Amino acid sequence: MIRLILLSDFTEAYASNLLKGIQEYARGREPWVVCRMPTSFRIEHGLEGVVNWACHWKADAIIGQFDSSDDVGMFPRHGIIALAQDFKRRFDTIPNLTGDYLSQGRKVADYFVSKGFRNFAFYGYEDAVWSEERGRGFRIRLQELGMGEEVSDYQKQPLENLWYYDSDPLVEWIRALPHPTAIFACDDTRANTILEVCRMLNIRVPVDIAVLGVDNDEITCSLSYPSLSSLDLDVFHAGYEAATYINELLRGTETEIRDVIVGFNEIVERQSTDIFATKNKYILKVLSYIHLHLSEDLSVASLLQMVPMSRRLFEEIFKRETGQPIHQYVISLRVRRLAQLLVCSSDSIEDLSLEVGLGSPKNLSRMFKNRIGVSPQEYRQKHKNNP
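Residues numbered from 1 in each chain as written. Predicted model: local features only at pLDDT ≥ 70, side-chain atom pairs only at ≥ 80, totals over all residues. Heavy atoms only, no water.

Caption draft 1: The overall build of the chain, seen in detail. Along the backbone of the chain there are 16 helices and 11 strands. For 387 residues, the compact-globule formula gives about 21 Å, and the C-alpha radius of gyration of the chain, at 23 Å, lands near that figure. Taken over the C-alpha atoms alone, the chain extends approximately 75 × 50 × 35 Å along its principal axes. Buried residues in the chain amount to 53% of all 387 residues. Look at the contacts in the chain between residues 6 or more apart in sequence, and 68% of them connect residues 24 or more apart. Carbon together with sulfur atoms contributes 48% to the accessible area of the chain, which is approximately 17,900 Å² in total. Across the chain, the centroid of the 44 positively charged side chains sits 7 Å from that of the 53 negatively charged ones. (Helix = DSSP H or I, 4+ residues; strand = E, 2+ residues; numbered from the N terminus. Rg over C-alpha atoms; globule rule 2.2 N^0.38 Å. Buried < 20%, exposed > 50% of the residue type's maximum accessible area, 1.4 Å probe, protein only. Contact = heavy atoms within 4.5 Å. Areas by Shrake-Rupley, 256 points an atom, 1.4 Å probe, with all protein chains shown as cover. Lys, Arg positive; Asp, Glu negative; His and termini not counted. Charge placed at Lys NZ, Arg CZ, Asp CG, Glu CD.)

Okay, here's the thing in structure tokens:
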């Protein structure tokens with residue numbers, strides 16, 4: 001039997017998904033027992049108290065959020081394998097459960113640029129490696145695209161007070177942003193805070209301010225108003241890999257200190273970014289309608305009735321604003337929505353394609369593969385929680 005302590009914040013989905021991956025690894029193998037230890041125990045008793053409890057409980061390993069000043073070498077000195085879940089800084093003396101945060105920031109930058117935004121902002125924590133690197137990757141990619149000179153930055157929130165924010169300076173920061181602006185928040189908690197402030201200021205989301213977080217915490221994202229778009233982290237597979245690594249260390253088949261990397265999937269688009277940024281009021285009206293009525297008839301003729309212009313002028317302006325003809329824009333949006341549903345829903349591919357307005361065309365697989373790179377079935381298999 002392998003005895004593991006998970007020292008984490010259990011108010012968010014990250015810890016639960018990590019445990020699900022560990023559970024999947026343990027299925028059919030030697031039993032695992034997990035002690036879920038809240039971070040308040042470390043704060044109250046210090047790291048020495050955690051080590052004492054781990055020794056008393058006869059723990060084989062611990063995955064935990066440790067402070068930068070913690071002497072994490074106490075665990076291996078007591079024969080306990082320790083992995084540090086990124087909290088503030090990575091450690092050199094023990095493995096880290098970490099991520100390629102620079103790539104995550106770059107992906108979000110590409111996403112916002114593809115949606116027509118030209119004003120950008122980042123909202124993060126101070127003194128947290130995962131927040132800093134996500135913001136840095138975001139800015140670097142925007143600079144590469146020629147749009148990163150004026151990224152507004154707000155990183156004044158200490159990590160210890162996840163639930164609290166000083167509203168006055170944050171309100172002033174958001175109020176001063178030009179419209180439209182795309183805000184990348186370092187996690188879903190910060191993104192939810194942005195949405196709260198926007199409601200207080202009567203700022204339209206996503207028309208004036210678009211907001212995107214990280215973690216894709218289903219409860220946080222769904223209970224936000226409007227619902228929150230988020231970069232989906234592959235924590236499940238990281239839990240599986242972490243359990244594999246711990247088992248190899250216990251068996252002596254692995255001796256190298258190496259980090260376990262939390263990968264990421266796609267951006268799950270919800271209402272907070274479900275728009276294409278444009279200052280043309282007629283095209284904005286049409287785009288808003290398209291995004292809200294994706295499963296309905298969205299022919300050029302039906303959309304033309306919404307704007308006071310000729311068909312030729314409408315098509316020219318739409319393409320100039322979005323970079324795509326109307327038909328291609330609608331198809332691309334439907335394919336992206338289908339990709340999201342393939343991961344979060346167990347309905348058949350045919351039913352989901354009908355739900356997003358693609359119908360059941362014989363060339364669905366080819367259409368999807370041309371835009372996503374794989375077939376719908378392959379995409380679902382790749383991103384579902386199966387190691």
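This is not the end of the story, as more comes after the structure.
Caption draft 2: Main features of the packing of helix H13 (residues 326–344) against helix H15 (residues 364–372). In contact at an axis separation of 10 Å, H13 and H15 are set at 90° when each is read in the N-to-C sense. As judged from the angle between their axes, H13 and H15 are roughly perpendicular. Contacts from Gln328, Ile331, Ser332, Val335, Leu338, Ala339 and Leu342 of H13 reach H15 at Leu364, Met367, Phe368, Arg371 and Ile372. Of the residues contributing to the contact of H13 with H15, the split by class is 9 nonpolar, 2 polar and 1 charged. (Axes fitted to C-alpha atoms, helices over the stretch in contact; angles between N-to-C directions. Parallel < 35°, antiparallel > 145°, perpendicular 65-115°, else oblique. Nonpolar A, V, L, I, M, F, W, Y, C, P; charged D, E, K, R; others polar.)

Caption draft 3: Molecular detail of the environment of Arg199. You can see Arg199 is positioned in helix H7 (residues 188–200). What makes Arg199 partly exposed here is its relative accessible area of 42%. For the pair Arg199 and Pro226, spaced 27 residues apart in the sequence, the C-alpha separation amounts to 9.5 Å.

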